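Report on the structure
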Amino acid sequence: MTPQGFMDEIVLPTVAEFKRAPQSRRLAYLSCIATFHIKDHLKSAGLTSIETTMRAACGDSFDVVRAICNGTKHVQTDASHPIPFIAGTDWYRPPAILGQMILGLSRLGDPHGGREIGQGQKRRDIYPAVKATLAAYCTSFSTQLGATDLSQL
C-alpha cells in the first residue's frame, strides 16, 4: 500500500469519524495509531528521517500522537517519549454549552468538546494534534501525500 493509499483508505476516514465523535476514546486512539503509522508507509517508500522532519514541522503535536499510539499498544509510554501517556488516563472535555459545560474542564467558546491528555498547563487536545500532524505529513512529504484532501477534517 502506498503512503497515499494508506492515507486515503485508512487514516482520513478514521480521523473524520473522530471529528464527528470527539468523546470517543476508541476513535481518538485509532486516529493516533493510524496517523502515526503513516511514517511506516513513507519509510517503506524509501524516505528517511521522518520523525525528525515531523517534529520540526509540527512541534509537539507529533509527539502527542506518538505517545497515544505507543501508550495504547504498550499500556504506557517509556522514557523515549517526551510526552508521557498511560492508556485510559485521557478524558472527555465537554463542550461549553449550557447544561453540558463543566467549570474548570470545558473551554469557553468551545461548542464541540474534545479528548485531552496531560495535566494543568500541559493539557493537550488530541484531535488538533492529529490534524496538525496530518497537515505536517502532507506538507513535508508532498511528493507522496500531495493528493490528500484535509478539508473535511
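Structure's up top.
**Topic: the overall build of the chain**
Each helix and strand in the chain was counted, giving seven helices and three strands. Along the chain, helices (α) and strands (β) appear in the sequence α-α-α-α-α-β-β-β-α-α when read from the amino end. In terms of overall size, the chain behaves like a compact globule, its C-alpha atoms giving a radius of gyration of 15 Å where 153 residues would be expected to give roughly 15 Å. Taking all 153 residues of the chain together, 45% fall into the buried category. Contacts spanning at least 24 positions in sequence make up 55% of the contacts within the chain whose residues lie at least 6 apart. About 7900 Å² of surface is accessible on the chain, with carbon and sulfur atoms providing 55% of the total. One way to put it: in the chain the 16 positive side-chain charges average out to a point 4 Å from where the 13 negative ones average out.

**Structural notes on unusual backbone geometry**
Although it is not a glycine, Ser49 adopts a positive phi angle of roughly 55°. Tracing the backbone shows Ser49 in the loop between α3 (38-44) and α4 (50-58). In this structure, Val75 is a non-glycine residue whose phi angle is positive, near 80°. Here Val75 lies in the loop between α5 (60-74) and β1 (91-93). Accessibility expressed as a relative area gives 53% for Val75, which makes it exposed.

Criteria and thresholds
Position numbers for residues start from 1 in each chain and track the written sequence from start to end. Reporting in this predicted model follows two pLDDT cut-offs: at least 70 for local features of residues, and 80 or more for side-chain atom pairs to be given and counted; totals over whole chains, interfaces and linings ignore these cut-offs and use all residues. Note: side-chain values were computed over all heavy atoms of the structure, leaving out hydrogens and water. By the criteria applied, helices consist of DSSP H or I runs no shorter than four residues and strands consist of E runs no shorter than two, each listed in order from the N terminus. As defined in this context, the radius of gyration uses C-alpha atoms, and a globule is described by 2.2 Å times the residue total to the power 0.38. Whether a residue is buried, partly exposed or exposed follows from its accessible area with a 1.4 Å probe, protein chains only, as a fraction of its type maximum: under 20%, in between, or over 50%, in that order. Any two residues having at least one pair of non-hydrogen atoms within 4.5 Å are treated as being in contact. The Shrake-Rupley method, run with a 1.4 Å probe sphere, supplies the accessible areas, and residue values consider only the shown protein chains as cover. Think of it this way: Lys and Arg go in the positive column, Asp and Glu in the negative one, and His and the chain ends go nowhere. The atom standing in for a charge is NZ when the residue is Lys, CZ when it is Arg, CG when it is Asp and CD when it is Glu.

The quantities given are spatial measurements derived from coordinates; they are silent on function.
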